[in-house]
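# A closer look at the structure
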Amino acid sequence: MKQKAQQDITNVCIPRDIALKAAILRLESVSDEIRSGYKIIKKYHKTSTIFGSARTNKSHPDYKRARKLAYRLAKSEYAVISGGGEGVKAAANQGASEA
């Protein structure tokens, strides 16, 4: 009977073990991304990061504000970091590149 119980526990723990290993791999990836970000921030003394929704369209006031803010920051010699992508991040990239 004890052997059966031990076998059941092992079967339950295998998926958890796999999930933990996958989580560790994701954390290592996130850690690498954070390190890369810090390298950029170290390189440029004046930096600004703009966060926002990827679903904000070009006609939305937040898109226009992000674009204008990034433009002004870049004109003031700040490195603008957005992470890339659509929406507010695209607006930040556009504003900074127009400066």
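Read on for a plain summary of the structure.

What counts and how
- Every residue gets a number counted from 1 within its own chain, in the order that chain's sequence is written.
- Local features in a predicted model are, by the rule used here, given only for residues with pLDDT of at least 70; side-chain atom pairs are given and counted only at 80 or more, and totals for whole chains, interfaces and linings are based on all residues.
- Based on all heavy atoms of the structure, the side-chain values leave hydrogens and waters out of the count.
- A pairing counts as a salt bridge when a side-chain nitrogen of Lys or Arg comes within 4 Å of a carboxyl oxygen of Asp or Glu.
- Labels follow the DSSP assignment, with helices taken as runs of H or I lasting at least four residues and strands as runs of E lasting at least two, numbered in each case from the N terminus.
- Type-normalised accessible area, obtained with a 1.4 Å probe on protein chains alone, sets the label of each residue: buried when under 20%, exposed when over 50%, and partly exposed for intermediate values.
- Among buried residues, those of type Ala, Val, Leu, Ile, Met, Phe, Trp, Tyr and Cys that are joined through side-chain atoms within 4.5 Å constitute a nonpolar core.
- The contact criterion used throughout is that any non-hydrogen atoms of two residues lie within 4.5 Å.

In this structure the tally under the stated criterion is four salt bridges. With its nearest N and O atoms 3.0 Å apart, the salt bridge here joins R35 to D32. Note that R35 and D32 are positioned in helix α1 (residues 2–43) at a spacing of three residues, about one turn of the helix. Across the salt bridge formed by R67 and E98, the nearest N and O atoms sit 2.7 Å from each other. Here R67 is found in helix α2 (residues 61–75), whereas its partner E98 is found in helix α3 (residues 88–98), with 31 residues between them in sequence. When its relative accessible area of 32% is taken as the criterion, R67 is described as partly exposed.

Before going further, it helps to spend a moment on the nonpolar core. In this structure, I50, Y63, A66, A70, L73, V80, V88, A91 and A92 together form the largest nonpolar core, which totals nine residues. Elements that contribute at least two residues to this core include exactly α2 and α3. At four residues, the largest contribution of residues to this core is made by α2. Those residues within four positions of V80 in sequence are excluded, and the remaining contacts are S48, I50, A70, L73, A74, A92 and A96.

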